[in-house]
Amino acid sequence: MRKVFLGILMLLCGWASVSAAEKSFSSPDGKLTVWVDDANGTPTYRVALGETSFIESSPLGLKTNIGDFTQGLTLTGCEVKPVKDQYQLATIKQSQVSYEATEAVCSFEQQGKKVMDVVFRVSNRDVAYRYTIYPKGGTLVCVVDSEASGFQLPAGTTTFLCPQSRPMGGFARTAPSYETGYSLDDQMGKNGWGEGYSFPCLFRVGEKGWVLISETGVDGNYVASRLLNVKDGLYRIGFPQQGECNGWGSTSASVALPCQTPWRTITVGTTLANVVETTVPFDLVSQKYKASQEYVWGKGSWSWIIGMDASCNFDEQKRYIDFSAAMGYQSVLIDALWDVQIGREKIAELAAYGKTKGVGLFLWYNSNGSWNDAPQSPKGKMDKSRERRAEMAWMKSIGIRGIKVDFFGGDKQNMMQLYEDILTDANDFGILVIFHGCTLPRGWERMYPNYAASEAVLASENLHFGQGACDAEARNATIHAFIRNTVGSMDFGGSTLNKYYSANNQRGSRRVTSDVYALATAVLFQSPVQHFALAPNNLTDAPAWAIDFMKSVPTNWDEVKYIDGYPGKYAIFARRAGNQWFIVGINAEEQPLKTNIDLSLFEKGTELQVYSDDAQLNGSVKTVKAKKQMAVTIPTNGGLVIVNK
Ligand code: CA
């Protein structure tokens, strides 16, 4: 009897010792909880919001050339402590951020030696984790070949994803550059075009809520990653593809030890509010160098979106400088081929002319290099330090405001180093940086004080290139608002008021969206530098109320609020600049959207200026009533803007 009892006790203890290792910790409000385990030597984690599981048991760990840290591991404990941070950043969604989270440093041993920590941060809306890898004796460097980091979403989850391109495809073999279309409410179990998906990745866990997965804190010390679907429902971190950069460079990350990897981020919410409002890409990173000066953000114009390459000539750029000045804008972006079609001396003349008008110049550059066939010049000026710094010294000497560097080679560590080197050198010469044909920014707004924005989206150029993109413009905008633009500044280059994408405004692809839609997207899309697709003719051929709005719309915001919407259908957001709230909506559905807008952001009696596609309502001033609601209709491809006076 005693032996049997002892046997049962041992069995119980054996069972207990397996699950006793499981550790859990929660967000400051106690609602978002993470469990970490090492059952069978495999590190795993899971995430629940309240009673609802959002990430089921999913693998953790890394494979490196100093050890396989995905198995044979023992969780020795999690050191848990609260963390707080307050920071100001004018160039993101929210200018003042109070960050509060629970930090848990979960340490893992292999054969009795500490090899890795998984550092978690759990805020009220986000879970994030990264790895610390420790030196192995005298071995102080290692190569990380892959991560086990996985995301097991619950059965029935649907996906809102865009495929990662295969390498060396697309225009002049410039892919991947995060310019693919989305599938919405799709089933799990697919893997894009065979190469997974570009971040950020949005999932809908049925009626229970939403999950946004992305990464942040990626710099020249690591690779940028994507989401691969290894088997049904299990998405994993995927490293770059061998073919990127025309095969140059490794797909692995080369790191010095101890090393901290980028953060894997998981934003969770019962509605889309947490996805829209999250600041997790910026909360988890820190500034890498000080700003060399106070940078000038704001609005600008660019001729290329309407006039294409032929417009990159001296006279047209001077006309656009005059146009920017008439709009009260801060800049003009001069696109590709200026070195040939305008020349350096004449660029200096334009810069001097712009200065007299209070308009700074952004100049376009090709990032190449040896990684693709993009032929546009200037080339060979941004890929190596000596040429780059000489070019930037020239820019500084003539007072250039910023650069737009295009056509990067992918997500390998060599490219991440190039992004960082361009930003770092540009700061030395007081130059702002916009990236195009590029990867997603991953916390760069906070890391690099002269970083402005990135494309990494099917941007406005596609509206010029084809009617299909024009016809899908509103649908795509409702997607970008909820996905791409939630994690980083997006250089879309939109808000067109031309009817047609051509200089004479009479032919070419036809805009199907309304003028109020153009105003709404100027607010919906966030970037601290906006080069709008407006043209000088809009001063006389666009409605005066639209031009007046575009003159005064802010580009730096203090706050953002989700009000309503669904990716691919419609989006209603509010952004605040100082004391003014801008409530904006767009509708991509085939039926007009009839809804009651919640006006609880305003005090009763507040006077609101309304911009509406309904001619009766457009231009009217409404007073907020006790009910704090406004019945509105947004037509297909239409918009709505409500601003307190
Ligand atoms: Ca592009």
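Structure: see above.
Anyway, here's the lowdown on the structure attached to this text. (Residues numbered from 1 in each chain as written. Predicted model: local features only at pLDDT ≥ 70, side-chain atom pairs only at ≥ 80, totals over all residues. Heavy atoms only, no water.)

1. Let's talk about the pairing of strand 10 (residues 126-133)
Burial analysis of strand 10 places eight of its eight residues in the buried class, which makes it a mostly covered element. Burial along strand 10 is two-sided: the residues D126, A128, R130 and T132 and V127, Y129, Y131 and I133 are all buried. Inspection of the sheet shows strand 9 (residues 113-122) paired to strand 10 by seven bridges, in the antiparallel sense. Each residue of the ladder has a partner; that of V119, found in strand 10, is R130. Between the antiparallel neighbours strand 9 and strand 10 lie three residues. Where strand 10 lies against strand 21 (residues 263-269), four bridges are found, and the strand directions are antiparallel. Within strand 21, the residue paired with V127 across the bridge is I266. Direction of pairing for strand 10 relative to strand 20 (residues 259-260): antiparallel, over a ladder of two bridges. Residue pairing across strands places T132 opposite Q260, the latter belonging to strand 20. (Buried < 20%, exposed > 50% of the residue type's maximum accessible area, 1.4 Å probe, protein only. Helix = DSSP H or I, 4+ residues; strand = E, 2+ residues; numbered from the N terminus. Pairing = 2+ DSSP bridges.)

2. Comments concerning the sheet that holds strand 33 (residues 607-612)
Taken in spatial order, the six strands of this open sheet run 29-30-31-36-33-34, and their pairing is antiparallel. The outermost strands of the open sheet, each flanked by one partner alone, are strand 29 (559-566) and strand 34 (621-623). Each neighbouring strand pair of the sheet contributes to a mean axis angle of 20°, computed without reference to strand direction. As paired elements, strand 29 and strand 30 (residues 570-577) share seven bridges and run antiparallel to each other. Residue D564 lies in a different strand from strand 30, and its bridge partner there is I572. (Axes fitted to C-alpha atoms, helices over the stretch in contact; angles between N-to-C directions.)

3. As for the side chain of E461
One can find E461 in helix 11 (residues 461-465). Within the buried core, E461 has no salt-bridge partner, and the shortest N-O distance to an opposite charge, that of K404, equals 6.1 Å. What E461 contacts, discounting residues up to four positions off in sequence, is E179, W304, I305 and E455. (Lys, Arg positive; Asp, Glu negative; His and termini not counted. Salt bridge = Lys/Arg side-chain N within 4 Å of Asp/Glu carboxyl O. Contact = heavy atoms within 4.5 Å.)

4. Section: the sheet that holds strand 11 (residues 141-147)
Taken together, the four strands give an open sheet; going across it, the order is 6-5-11-19, and neighbouring strands pair in antiparallel fashion. Strands with a single pairing partner mark the edges of an open sheet, and in this sheet they are strand 6 (67-69) and strand 19 (253-256). Pairs of neighbouring strands in the sheet enclose a mean axial angle of 30°, with direction left out of account.

5. Quick word on the state of the cysteines
The full count for this structure, using the stated rule, is one disulfide. Sulfur-sulfur distance for the disulfide between C78 and C106 comes to 2.2 Å. Taking the sign of the torsion about the S-S bond as the criterion, the disulfide between C78 and C106, at about 110°, is right-handed. Note that C78 is positioned in strand 7 (residues 74-88) and C106 in strand 8 (residues 96-110), a separation of 28 residues in sequence. No difference in accessibility class separates C78 from C106, as the two residues are buried. In this structure C162 is a free cysteine whose sulfur lies 7.1 Å from that of C201, the closest cysteine sulfur available. You can call C162 buried: its relative accessible area is 5%. Cysteine C312 is unpaired, with the sulfur of C438 as its nearest cysteine sulfur at 19 Å. You can call C312 buried: its relative accessible area is 0%. (Disulfide = S-S within 2.5 Å.)

6. Some points on the layout of surface pockets
Taken as a whole, the largest pocket holds about 620 Å³ of empty space. In this structure, the largest pocket is lined by 35 residues; those nearest its centre are F171, E179, F407, E461 and F465. Secondary structure elements with two or more residues in the lining of the largest pocket: strand 25 (402-406) and helix 11. Sorting elements by how many residues they give to the lining of the largest pocket places helix 11 first, with three residues. Of the residues in the lining of the largest pocket, the class split is 13 nonpolar, 13 polar and nine charged. (1 Å grid on protein atoms, 1.4 Å probe; cavity = no way out; pocket = protein on both sides within 12 Å on 5 of 7 lines; lining within 4 Å. Points joined across faces, edges and corners; volume = space filled by probe spheres on them. Nonpolar A, V, L, I, M, F, W, Y, C, P; charged D, E, K, R; others polar.)

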